[in-house]
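This is what each chain is made of:
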Amino acid sequence: MAQLSRLAFIGNSLPRRCGIATFTTDLQQAVAESDSTTDTCIVAMTDHGHTYDYPATVRLEVADDRIEDYVRTAEALNAGQFDVVSLQHEFGIFGGEAGSHIMALLSRLTMPVVTTLHTVLAEPTPAQRSVLNRIIGASSRVVVMAEKGRELLQAVYAVPAEKIDVIPHGIPDVAFVEPAAAKAKLGFAGRPVILTFGLLSPNKGIEVMIDAMPSILQGRADAVYVVLGATHPNLVRDQGEAYRESLAARVRDRGVEGHVVLLDQFVDRATLLEFIAMCDVYVTPYLNEAQMTSGTLAYSFGMGKAVVSTPYWHAQELLAEGRGILVPSGDAPAIGAAVAGLLNDDIRREAMRRRAYASSRSMTWARTAGRYLAVFEHARRGHRLRVIDRPDITVPTRDGFAPPEMQLGHFLSMCDDTGLFQHAVHSVPDRSHGYCVDDNARALLVACALNHPRELRLPEALTARLAAFVQHAWNPDTKRFRNFMGFDRRWLEASGSEDSHGRTLWALGECARSDASPSRRRWATALFAEALPTVEGFGSPRAWAFALLGLDGYCAVVPEDSLAERVRHDLAERLMSILAAVETRDWVWFEEGLAYDNARLSQALIVTGMATGSLGFVDAGLRTLHWLMALQTTPAGVFRPVGSDSFGDKRTAPRPFDQQPLEAAAAISACLAAWRADDDSEWKADAARAFAWFLGDNDLSLSLVDPDTGSCRDGLHPDRLNENRGGESVVSYLLGLSEIRRATRLSDGRAKFLPRLA
């Protein structure tokens with residue numbers, strides 16, 4: 001890490017927020033110890049002159065309510081040519097509404113920022129969401145300390161997965177010791193000790209533990225519960241010490257005086273470690289489930305303590321698989337029974353202690369610092385490359401902007417524990433129309449498309465849910481997929497349409513090739529093989545095309561399946577036959593009229609020809625797609641998809657409305673397949689024009705997409721947008737966006753086709 005020589009840490013300096021202050025200090029010290037060549041700067045947020053003693057080569061102090069201090073600090077960091085800034089973010093540290101003053105600093109920095117989020121809110125206020133989104137946008141990397149944090153960043157804030165790192169809260173690297181020596185030093189020799197540490201406030205659940213003490217004392221009459229920590233300064237400011245006095249009164253009311261000790265004091269790190277060392281059971285009875293990180297829980301766990309906790313987010317992850325005991329929040333009998341059980345079972349308590357200590361070794365500050373240094377270096381190098389490099393391939397749009405970031409907020413809101421809803425009223429899911437396998441199969445295609453290290457992958461639970469919907473749609477009696485399901489989860493038919501069956505095969509074939517889960521890939525492979533033979537009896541050209549797209553994935557995984565190869569060749573030949581029967585010089589198409597998902601027919605022949613080395617298939621696909629895209633491009637060069645009003649018309653120019661996202665997504669995929677096949681850059685331009693339609697490069701010059709949520713309107717009417725944002729529309733946009741983004745990432749976008757076709 002020698003090239004990473006100057007680091008700046010932005011943290012809090014106030015004892016009343018000592019958790020983040022201690023974390024910043026420990027991280028800075030650990031980095032310095034693991035890489036002695038690194039100079040450090042501490043930027044300490046202060047309030048009314050209070051400071052915290054950070055060791056650092058350079059120290060800068062910022063009055064949290066003075067925006068000019070933030071500006072001055074940014075200038076100092078830039079002048080100091082620091083390599084990376086490590087921002088420790090917690091709500092309440094920075095000035096301005098929702099901490100917005102920090103942006104005056106971040107927006108001026110010339111070096112990359114790595115932000116550690118100590119809290120990720122599942123339900124932020126609009127101001128909190130806005131500020132946090134801006135901080136994330138200004139950050140090269142975002143670090144959270146638990147997997148729940150990653151999940152929320154992706155689901156609530158639509159942060160790309162590749163931007164997130166999970167690094168557990170660091171812990172001191174201390175020996176595994178028995179508590180007797182520390183008990184003797186602190187005056188608790190010979191007594192079973194239960195400990196809770198932290199600033200006192202009602203959300204800590206101390207009352208619940210006090211209520212549990214009588215039951216604990218029935219089995220261990222000499223037990224003592226030590227509550228170490230001053231009252232939260234906000235409570236002191238508003239109420240004085242009324243809360244602490246109420247706890248003392250509760251102790252008296254429960255008759256446990258002498259068995260509950262309320263120590264009103266701040267303690268330094270060394271003293272805290274001594275208190276943790278002396279306890280037999282550490283308890284965190286917090287009442288708020290939405291707590292992402294607890295430094296004292298991490299410290300106690302890392303020192304090999306038996307821990308009893310309520311199931312807030314951090315505790316659920318850290319104490320899983322027998323590494324601690326979880327009890328319901330606010331349940332005094334449960335917490336009493338758990339603590340008493342540990343105090344009275346030395347063997348179990350010792351086993352839990354050793355299990356916790358052993359599993360925590362990867363969390364020591366030295367290991368944590370090493371992981372941070374790797375993230376810092378990655379951010380530094382990536383920042384440098386962004387400054388000096390340009391993408392090898394750009395996908396132009398009429399306004400010249402690069403493709404948007406992947407945002408999944410609306411897509412996630414359109415899913416419930418059954419699957420993806422069909423329709424929405426504006427952006428609100430419409431339960432009255434239930435679900436269909438068509439849209440859930442498309443959603444499974446989205447999951448596969450996002451299985452890329454530089455994309456925001458769907459939550460695993462949601463991908464599994466989409467697969468489960470497809471599995472449930474399979475009707476083994478009819479050998480067909482059902483399509484429509486009511487909101488009450490009752491199927492409305494025994495068999496869906498031929499097209500829905502073909503589209504589901506497409507999703508299964510792609511899932512077999514590129515799903516993130518090996519087990520789910522095997523599932524998709526097996527179900528595809530079972531459902532494929534039915535297609536041989538179909539008469540729908542689109543069903544044939546969708547099945548061919550699925551066969552492209554399936555045959556890549558199971559090349560030895562002779563039945564699949566035969567069906568693939570047969571379906572492609574059927575498309576060739578109907579094209580030969582209909583095509584004229586002026587009407588280069590498979591059917592007498594144009595309908596929906598038109599470009600998929602051309603795409604199916606292109607990808608099949610590329611996979612099988614059949615020049616005739618590729619040529620037919622390119623020829624028909626060229627004709628279709630000419631029809632779908634206005635004289636001004638704007639993409640105009642075949643309108644739904646055209647459906648049923650015979651051999652006439654398509655009508656312009658209503659225009660639907662499905663057609664744009666199909667055109668993007670087909671044109672990029674054509675580009676990979678013959679390396680003509682005009683195909684890439686066609687794909688870009690089709691994508692620009694989503695963003696407002698269309699007949700009405702109106703964007704169909706909300707870039708903050710990823711929602712997509714259902715289409716263009718002659719005079720307005722269709723403001724409803726249903727399942728088909730959002731998956732069409734996400735599929736098109738994923739393909740365009742993939743095209744921009746390619747270092748060499750030319751597909752390597754068979755030599756005889758070159």
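All values reported here derive from a predicted model rather than from experimental measurement.

Draft legend 1. The arrangement of the sheet that holds strand β18 (residues 484–485) in detail. Within the open sheet, the three strands sit side by side as β14-β15-β18. Their pairing is antiparallel. Strand pairing shows two members of the sheet lacking a second neighbour, β14 (421–425) and β18, which therefore form its edges. Along the sheet face, helix α17 (residues 437–449) touches β14 and β15 (428–436) and points at about 105 degrees away from the line of β15.

Draft legend 2. How the structure looks around the side chain of Gln659. The topology assignment puts Gln659 in the loop between α24 (615–631) and α25 (661–678). One polar contact links Gln659 to Asp699, side chain to side chain, over a distance of 2.8 Å. With residues near it in sequence (within four places) discarded, Gln659 still touches Arg640, Pro641, Trp693, Asp699, Asp714, Gly715 and Leu716.

Draft legend 3. Local environment of helix α4 (residues 126–138). Its 13 residues place the ends of α4 18 Å apart at the C-alpha level, agreeing with the 18 Å of an ideal helix rising 1.5 Å per residue. When we look at burial in α4, the residues that qualify are Gln128, Val131, Leu132, Ile135 and Ile136. What you see down the axis of α4 is that its buried residues fit within an arc of 135 degrees, all on one side. In α4, the exposed positions that point more than 90 degrees away from the buried face belong to Pro126 and Gly137. Next to the buried residues of α4 lie β4 (84–89), α3 (102–106), β5 (113–117), β6 (141–144) and α5 (147–155).

Draft legend 4. Spotlight on the environment of Ala556. One can find Ala556 in helix α21 (residues 541–557). What makes Ala556 exposed here is its relative accessible area of 52%. Residues Ala556 and Ala611, 55 residues apart in the sequence, show an inter-C-alpha distance of 8.6 Å. Those residues within four positions of Ala556 in sequence are excluded, and the remaining contacts are Arg513 and Leu551.

Draft legend 5. The arrangement of the packing of aromatic side chains in detail. Applying the stated rule across the entire model yields 20 aromatic pairs. Between the aromatic rings of Tyr372 and Phe376, the centroid separation amounts to 5.8 Å while the plane-to-plane angle is 45 degrees, which identifies the pairing as tilted. Of this pair, Tyr372 and Phe376 both sit in helix α15 (residues 365–388), four residues apart, which is roughly one turn of that helix. One aromatic cluster in this structure is built from Phe421, Tyr435, Phe469, Phe487 and Trp491. When the ring centre of Phe82 is taken as reference, the NZ or CZ atom of Arg6 above it lies at 4.3 Å. In this structure, Arg129 packs its charged tip against the face of Tyr157, placed 5.6 Å from the ring centre.

Draft legend 6. The arrangement of α24 in detail. In a regular helix each residue adds 1.5 Å, so 17 residues correspond to 24 Å; α24 covers 25 Å between its end C-alpha atoms and thus fits that length. Along α24, the positions that sit buried rather than exposed are Phe617, Val618, Ala620, Gly621, Leu622, Thr624, Leu625, Trp627, Leu628 and Met629. Buried residues belonging to α24 abut α22 (562–582), α23 (599–612), α25 and α26 (681–694).

Draft legend 7. Looking closely at unusual backbone geometry. Omega for the bond connecting Phe657 with Asp658 falls within 30 degrees of zero, at -10 degrees, which places this linkage in the cis form. Structurally, Asp658 is set in the loop between α24 and α25. In this structure, Glu321 is a non-glycine residue whose phi angle is positive, near 55 degrees. Of note, Glu321 is situated in the loop between α12 (313–318) and β13 (325–326). At Asp597, a residue that is not glycine, the phi angle is positive and equals roughly 55 degrees. As for its placement among the helices and strands, Asp597 is situated in the loop between α22 and α23.

Reading the values: rules and limits
- Along each chain, the written sequence defines residue order, and numbers are assigned to residues from 1.
- pLDDT decides what is reported in this predicted model: residues at 70 or higher carry local features, side-chain atom pairs at 80 or more are listed and counted, and totals for whole chains, interfaces and linings draw on all residues regardless.
- To obtain the side-chain values, all non-hydrogen atoms of the structure were included, while hydrogens and water were left out.
- Strands are treated as partners if at least two bridges between them are detected by DSSP.
- By definition, any uninterrupted DSSP run of H or I lasting at least four residues is a helix, any uninterrupted run of E lasting at least two residues is a strand, and each is numbered from the N terminus.
- Throughout, a contact is declared for two residues whenever any of their heavy atoms are within 4.5 Å.
- Fitted lines through C-alpha atoms give the axes, limited to the stretch in contact for helices. The angle between two N-to-C directions lies from 0 to 180 degrees.
- N or O atoms closer than or at 3.5 Å make up a polar contact, with two conditions inside protein: a donor-capable atom paired with an acceptor-capable one, and, for residues adjacent in sequence, both atoms drawn from side chains.
- Under the convention used throughout, the expected extent of a helix is 1.5 Å for every residue step, that is, one less than its residue count.
- Three labels apply to residues, based on accessible area from a 1.4 Å probe with only protein chains included: buried if under 20% of the type maximum, exposed if over 50%, partly exposed otherwise in between.
- Comment: arc refers to directions from the helix axis out to C-beta atoms.
- Two rings belonging to Phe, Tyr or Trp (six-membered ring only in the last case) form a pair when the distance between their centres is within 6.5 Å. Interplanar angles under 30 degrees mark stacking, angles over 60 mark edge-to-face geometry, and anything in between is tilted.
- For a ring to carry a charge above it, either NZ of a lysine or CZ of an arginine must fall within 6 Å of the ring centroid while also lying within 35 degrees of the normal to the ring plane.

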